[in-house]
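Chain by chain, the residues run as shown.
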Amino acid sequence: MVAAVQAACEGPQLSPEGRDRGLAFLRLQRAAAMAFESMRPDAFVHRLVERIGLRRQQLYATQADTAERLVNIARIGELAIAYMRREPEASTRDFVRYLVAVAEAGLRDDEGSPTGARGAVRVTTMHGVEGLEFDHLFVLGLDADRLASPAGRNGDSADGSGAEAGRLLYRAITRARRGVVLSWAESTAGGAEAAARPSPLLDAAHAAVGGSWEPIEDALFGPTEGLHSTFRVMRDELLDGVARVGGHLAEMRLDTYLDVAQAGARYLELLKVAALIERQKQGQRVSDALPEVNDVLLQGATSEQRELFETSPLDDLLREGERDERRRAEALGARAEPSLESFLPRRGEGLMLSASDVETYRLCPLKYKFARVFRVPQEPTINQRFGIVVHQVLERFHGGEGDGSLDELMSLFEAAWRRAGFGDRSDDRQFRARAVDALERYWADERERPGEPVWFERSFSFRLGPHLVRGRVDRVDRLPDGSHELIDYKTGKAKTAEELRDDVQLSLYQMGARESWQLPAAAQSYHYVLEGEKVPVSHSEEELERVRDTVGAVADGILEQRFEPRPSYELCSFCDYRIACPAAER
């Protein structure tokens, strides 16, 4: 359909009004396609409904079924929110597949509630169970503070709340056909004042049935959550690298075979984690399953893949994660506040960090908490979208098979500009003019540059103490003397070398090239594309040690869950989380 609309807009048959509508549709489709893989399903649905204007159209409609249509539109958003609660790592594509499956199954609106669904679980209050029956019933939160005694020290409470609580519990218990589980939560805060007590009503129920209390440890994410998280990260990295490795097959450079071997080894590692997930479901420990799984996978590997597979640090990371579970549980038991431990980006005893993670935490720990721990989605700004376009254009220009001409560069820009959903608004036109001037200057400067680009968007990962540092270098040049230069593209205002004196990003890139690629980079630079300026950043071993200390301090703050805000006018004025920040009103 998209191709048909595009062809119609390019032909003479459409009226001016029809062409405008077609172009508006194409802009919306391109913007939605860009967000389809990166935006959370609930945010995507909300943005799509608002962009299309469905709510506005229905609000001003006069048909009798307007209310029903508004409810149905809201229902899509509710489905997306509910889906994200069940599958927090899912993409919008996964949500669409889910909707298609539900539609093909013929699920009606009145079947969306678990009330009449066979085998479903219903969550309700004790008031809501009246008139219903269940095979099994779980009554939660029955501590003394929430469920009063039917009789206090001086008899029934003045307002009758104790007697009412007893009637509610009795009504709930009698709704079960086969079994009832009554539960209450012990406090982990420590101290007599904070210690939770079970409701006195439970003592009577306990005595009546002669039951026993069974302590249940918190298992919110289940024993294989760490492996699932590792699997998702590795799967995404592998898919991201498919196009890059496939492009290298057309070039047939001397090191192309190494790229293929690395991709094959990464696929074997992904199979390993998938196998460990299944083994752990069956009760087998990771450390016990690893030797057998590795032996089976190595039987199908080439000699190059075998070497990469056997020297990978993945096994050590998986074993560390397993050994660390008990120690983390002990530490959590001593905390005086609810812990965010399960949400931290753990990798073994340390964290998985990037340069942007470190910089975000240094600027404002609370922003890191919102963005990286709670993963509250951020809507890309026009500056961020513009930066993505420039990065994509330069990567495809250098990594493609074109003739390297200015026409080719501008053709790539036009295609990326359309895909990004930019149009004819005033801001869009200003960014477009700046981009055209910058790319023309970039092409002219590139012809005189002595270095030769050899890698683009190359990923690295290395251990820094107990932590795993990951990143991706925009571009790596081979200089005439055989050394290499790491380059990071920027589309913002250029900074001076003095302003970059405390820079962390390029220092981590330098360490990553050395540790992950065995490439001692001789130079690192920021290339400010819009201003045509390249600013070198050189760090001595002493300065690199400072960066290591900085990363360690940031990681310690995250592990200790120190997420205090650091308000400032410059940062808070443009922060995406201002509406939820307690420091925003200061």
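Every residue gets a number counted from 1 within its own chain, in the order that chain's sequence is written. It should be noted that, the model being predicted, local features are given only for residues of pLDDT at least 70 and side-chain atom pairs only at 80 or more, the latter also being counted only at that level, while totals for whole chains, interfaces and linings use all residues. Each side-chain value is derived from all of the structure's non-hydrogen atoms; neither hydrogens nor water enter the calculation.

Draft legend 1. Examining the packing of helix 19 (residues 505–516) against helix 20 (residues 541–559) more closely. Each axis is a line fitted through C-alpha atoms, taken for helices only over the stretch in contact, and angles between the N-to-C directions span 0 to 180 degrees. Helix and strand definitions follow DSSP, with helices as H or I runs of at least four residues and strands as E runs of at least two, each counted in order from the N terminus. At a minimum axis distance of 10 Å, the contact between helix 19 and helix 20 shows a crossing angle of 100°. On the basis of their axis angle, the class for helix 19 and helix 20 is roughly perpendicular. Across from Ser507, Leu508, Gln510, Met511 and Arg514 in helix 19, the residues of helix 20 making contact are Glu541, Leu544, Val547, Arg548 and Val551. When residue character is reported, Ala, Val, Leu, Ile, Met, Phe, Trp, Tyr, Cys and Pro are called nonpolar, Asp, Glu, Lys and Arg charged, and the others, Gly included, polar. Tallied by class, the residues present in the contact of helix 19 with helix 20 amount to five nonpolar, two polar and three charged. For this classification, under 35 degrees means roughly parallel, over 145 means roughly antiparallel, 65 to 115 means roughly perpendicular, and everything else is oblique. Between two residues, a contact is recorded if the distance between any of their heavy atoms is within 4.5 Å.

Draft legend 2. Structural context of the environment of Ala371. Within the secondary structure, Ala371 is located in helix 15 (residues 365–373). Think of it in three bands: residues with accessible area under 20% of the maximum for their type are buried, residues over 50% are exposed, and the middle band is partly exposed, with areas taken using a 1.4 Å probe on protein chains only. Judged by relative accessible area, Ala371 falls into the buried class, the value being 11%. Along the sequence, Ala371 and Asp357 sit 14 residues apart, while their C-alpha atoms lie 9.3 Å from each other. Aside from chain neighbours lying at most four places away, what touches Ala371 is Val376, Gln378 and Tyr577.

Draft legend 3. Summary view of unusual backbone geometry. The phi angle at Glu457 is positive, at roughly 50°, despite the residue not being glycine. By relative accessible area, which is 17% here, Glu457 ends up buried. Unlike most non-glycine residues, Gln518 shows phi in positive territory, near 55°. Along the chain, Gln518 turns up in the loop between helix 19 and strand 8 (523–528). We classify Gln518 as exposed; its relative accessible area is 58%.

Draft legend 4. The arrangement of the packing of aromatic side chains in detail. Here is the rule: rings of Phe, Tyr and Trp (six-membered ring for Trp) pair when centre to centre is within 6.5 Å. Planes less than 30 degrees apart are stacked, more than 60 are edge-to-face, and the remainder are tilted. Scanning all chains against the criterion turns up 17 aromatic pairs. A centroid spacing of 6.4 Å and a plane angle of 75° characterise the contact between Tyr361 and Phe563, whose relative ring orientation is edge-to-face. Residue Tyr361 is found in helix 14 (residues 355–363), and its partner Phe563 is found in the loop between helix 20 and helix 21 (569–572); the two are separated by 202 residues along the sequence. Its relative accessible area of 10% is what places Phe563 among the buried residues. A centroid spacing of 6.3 Å and a plane angle of 70° characterise the contact between Tyr442 and Tyr489, whose relative ring orientation is edge-to-face. With Tyr442 in helix 18 (residues 426–448) and Tyr489 in strand 7 (residues 484–490), this residue pair connects regions lying 47 residues apart in the sequence.

Draft legend 5. Inspection of the environment of Val476 at higher detail. With respect to the helices and strands, Val476 occurs in strand 6 (residues 467–478). Take Val476: its relative accessible area is 0%, and that puts it in the buried class. The spacing of Val476 and Phe456 is 20 residues in sequence and 6.5 Å in space, taken between C-alpha atoms. Beyond its immediate sequence surroundings of up to four residues, Val476 is in contact with Glu452, Pro453, Val454, Trp455, His484, Glu485, Leu486, Trp517 and Leu519.

Draft legend 6. How the structure looks around the pattern of salt bridges. Throughout this description, the term salt bridge denotes a Lys or Arg side-chain nitrogen within 4 Å of a carboxyl oxygen of Asp or Glu. What the rule picks out here adds up to 22 salt bridges. Among the salt bridges present, the one from Asp428 reaches Arg425, with a minimum N-O distance of 3.2 Å. Here Arg425 falls in the exposed class, since its relative accessible area comes to 53%. A salt bridge links Arg548 to Glu545; its shortest N-O distance comes to 3.1 Å. Taken together, the residues Arg548 and Glu545, both in helix 20 and three residues apart, mark about one turn of the helix. In this structure Glu545 comes out as partly exposed when scored by relative accessible area, which is 38%. Linked by salt bridges that have partners in common, Glu446, Arg449, Arg475 and Asp477 make up one network.

Draft legend 7. Main features of the nonpolar core. Only buried Ala, Val, Leu, Ile, Met, Phe, Trp, Tyr and Cys residues count toward a nonpolar core, and they belong to the same one when joined by side-chain atoms within 4.5 Å. Formed by 40 residues in total, the largest nonpolar core has its most connected members in Val476, Leu486, Leu508, Trp517, Ile558 and Phe563. Mapped by element, the contributors of at least two residues to this core are strand 4 (350–353), helix 14, helix 15, strand 5 (452–464), strand 6, helix 19, strand 8 and helix 20. A per-element tally of this core places helix 20 first, with six residues. Counting 24 residues, the second-largest nonpolar core is a separate cluster that includes Trp417, Ala420, Ala435 and Ala438.

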